Amino acid sequence: MKTYLVTGGAGFIGSNYIHYLFQKYGDDVYVINLDKLTYAGNLENLDDVATKKNYRFVRGDICQADVVDPLVKEADVVVNFAAESHVDRSIGAPDAFIKTDVYGAFILLEAARRHGVEKFIQISTDEVYGSIIDGSFKETDILEPSSPYSASKAGADRLAYSYFVTYQLPVIITRCSNNFGPYQYPEKLIPLFVTNALEDKSLPIYGDGKNVRDWIYVLDHCDAVDFLIYHGKPGQVYNIGGGNERTNIEITDLILTYLKKPHTLKTFIQDRLGHDRRYSVDTAKITALGWVPEHKFERAMNSTIQWYVDNRSWWGKLKSGEYREFYKANYNKEL
Ligand code: NAD
Ligand code: DAU
């Protein structure tokens, strides 16, 4: 039985990954979830696993060596999801991005170097390559991150690589495209637009809305990460993508059509600063190992939109600002 240290496990992808691990391994896995519970961390995402004997939640910061050290010592595998993850916030206030995304990764890598681990997975992002108009980025292409978020992720990505080269730490770096699915904080494009439409609010499209993202269902991302723990080669970078490139306008239209809401809710507003036009990754390297995404885009999108329809109480609190009170009352913890 392996012990996984999952950092950022109370966030969107991390909580889906913990669900995925229990679904896949049942009692034959031990999961430690280390999460600081920033605005993006939500223990409600994990209510269904909270009392499992083979699960433990630790509230803590990956930047704090004394917190991280004993947990890494206990772990066979470290999967580092913890990060500040929203590009818009990084434009307004980059500070926390540098601290968590770069320094936090360093603290985890140092602990892994001290104690040794079977695998250290650094969850990077396709944004480290920057924008591409034609074709798709391969793992060997140069990195040209263009936001404080993606630059901090690129820093951690290369730092993790340096721990493989210098100290032979068995690091694997993943660069995945845009995820969608349940439990995504309603500040990101899809949950923001679905929940705004449900509240008959306008959908704020940046610029001309023709920016392209490649969308992957979150459980496919989780599956790829776990696949790489067993089949990936230490020291290597792997792109992960869904192969579903869509403009933001296409995504918006799909949401409004599914919800039967008027397309007049679409509102074009000032562009994001430094807005990357298109992301696209070549996934031949992971495909050659035998991994492909399972979920079909339209079906997964419909079930995701329906999840937000069915779970209004989950996102309603986050959007209304009552969340802090709710959290304190239910979990007896200050945020
Ligand atoms: P998220 O913002 O939903 O979750 C981040 C989690 O990290 C939260 O639970 C938060 O409380 C926790 N956290 C933040 N700072 C911390 C700290 N200092 N110590 C401990 N925990 C801390 O993010 P997400 O969308 O789930 O992304 C998870 C990871 O995947 C990130 O590393 C992100 O860069 C990467 N990624 C995301 C996507 C995507 O489309 N969302 C795509 C590719 C890669
Ligand atoms: O590509 C992977 C990355 O995808 C991850 O590394 C990031 O953590 C994740 O946040 C995501 O970054 P994006 O900037 O692509 O995602 P976001 O949902 O913020 O925006 C998607 C697109 O939609 C982007 O072109 C900006 C646009 N957008 C977004 C918002 C929030 C709008 O037009 N209006 C909006 O209100």
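For the structure itself, look to the data block above.
The rules behind these values
Residues numbered from 1 in each chain as written. Chains lettered and ligands numbered in written order. Predicted model: local features only at pLDDT ≥ 70, side-chain atom pairs only at ≥ 80, totals over all residues. Heavy atoms only, no water. Pairing = 2+ DSSP bridges. Helix = DSSP H or I, 4+ residues; strand = E, 2+ residues; numbered from the N terminus. Axes fitted to C-alpha atoms, helices over the stretch in contact; angles between N-to-C directions. Contact = heavy atoms within 4.5 Å. Buried < 20%, exposed > 50% of the residue type's maximum accessible area, 1.4 Å probe, protein only. Polar contact = N/O pair within 3.5 Å; in protein donor to acceptor, adjacent residues only side chain to side chain. Near = heavy atom within 4 Å. Areas by Shrake-Rupley, 256 points an atom, 1.4 Å probe, with all protein chains shown as cover. Core = buried A, V, L, I, M, F, W, Y, C linked by side-chain atoms within 4.5 Å. Expected span 1.5 Å × (residues − 1). Arc of directions from axis to C-beta.

Caption draft 1: Main features of the sheet that holds strand E4 (residues 77-80). Reading across from one edge, E3-E2-E1-E4-E5-E6-E10 is the order of the seven strands in this open sheet, with parallel pairing throughout. Only two strands of the sheet have a single partner each, and these edge strands are strand E3 (55-59) and strand E10 (237-240). Taking the axes of each pair of neighbouring strands and ignoring which way they run, one obtains an average angle of 20° across the sheet. Contacts from helix H4 (residues 95-115) reach strand E1 (2-7), E4, strand E5 (119-125) and strand E6 (171-176), with the element oriented near 165° to E5.

Caption draft 2: Region of the structure containing the side chain of Arg 272. By secondary structure assignment, the location of Arg 272 is in the loop between strand E12 (266-269) and helix H9 (284-288). For Arg 272, a relative accessible area of 18% translates into the label buried. There is a polar contact of 2.6 Å between the side chain of Arg 272 and the side chain of Asp 88. Beyond its immediate stretch of four places on either side in the chain, Arg 272 contacts His 86, Val 87, Asp 88, Ile 91, Tyr 206 and Arg 213.

Caption draft 3: Molecular detail of the site of ligand 1. For ligand 1, the set of nearby residues contains 29 residues, the closest of which are Ile 13, Asp 35, Ser 85, Tyr 149 and Lys 153. Asp 35 is positioned with one of its side-chain polar atoms (N or O) 2.6 Å from an oxygen atom of ligand 1. In isolation ligand 1 offers 830 Å² of accessible surface; the protein chains occlude 97% of this area. Contributions of two or more residues to the shell around ligand 1 are made by helix H1 (12-25), E5, helix H5 (148-167) and strand E7 (178-180). For the shell around ligand 1, the element with the highest residue contribution is E5, accounting for three residues.

Caption draft 4: A look at the nonpolar core. Ranked by internal contacts, the top residues of the largest apolar core, which has 33 residues, are Tyr 4, Tyr 17 and Val 79. At the level of elements, E1, H1, strand E2 (29-35), E4, E5, E6, helix H7 (218-231) and E10 are the ones that each hand at least two residues to this core. In this view, Tyr 17 contacts Tyr 4, Val 6, Val 79, Phe 81, Cys 222, Val 225, Asp 226 and Ile 229; residues no more than four positions away in its chain are not counted. In this structure, Tyr 185, Val 194, Ile 251 and Leu 265 belong to the second largest nonpolar core, which totals 26 residues.

Caption draft 5: Representation of helix H8 (residues 248-259) in the model. Here H8 contains twelve residues, and its C-alpha end-to-end distance of 17 Å stays within 8% of the 16 Å for a straight helix at 1.5 Å per residue. Along H8, the residues classified as buried are Asn 248, Ile 249, Ile 251, Thr 252, Ile 255, Leu 256 and Leu 259. Considered in projection along H8, the buried side chains sweep an arc of 160° and stay on one side of the axis. In the core, the buried residues of H8 are packed alongside helix H6 (189-198), strand E8 (203-206), strand E9 (212-217), strand E11 (245-247), E12 and helix H10 (297-310). Lys 260 lies just past H8 and shows a positive phi near 55°.

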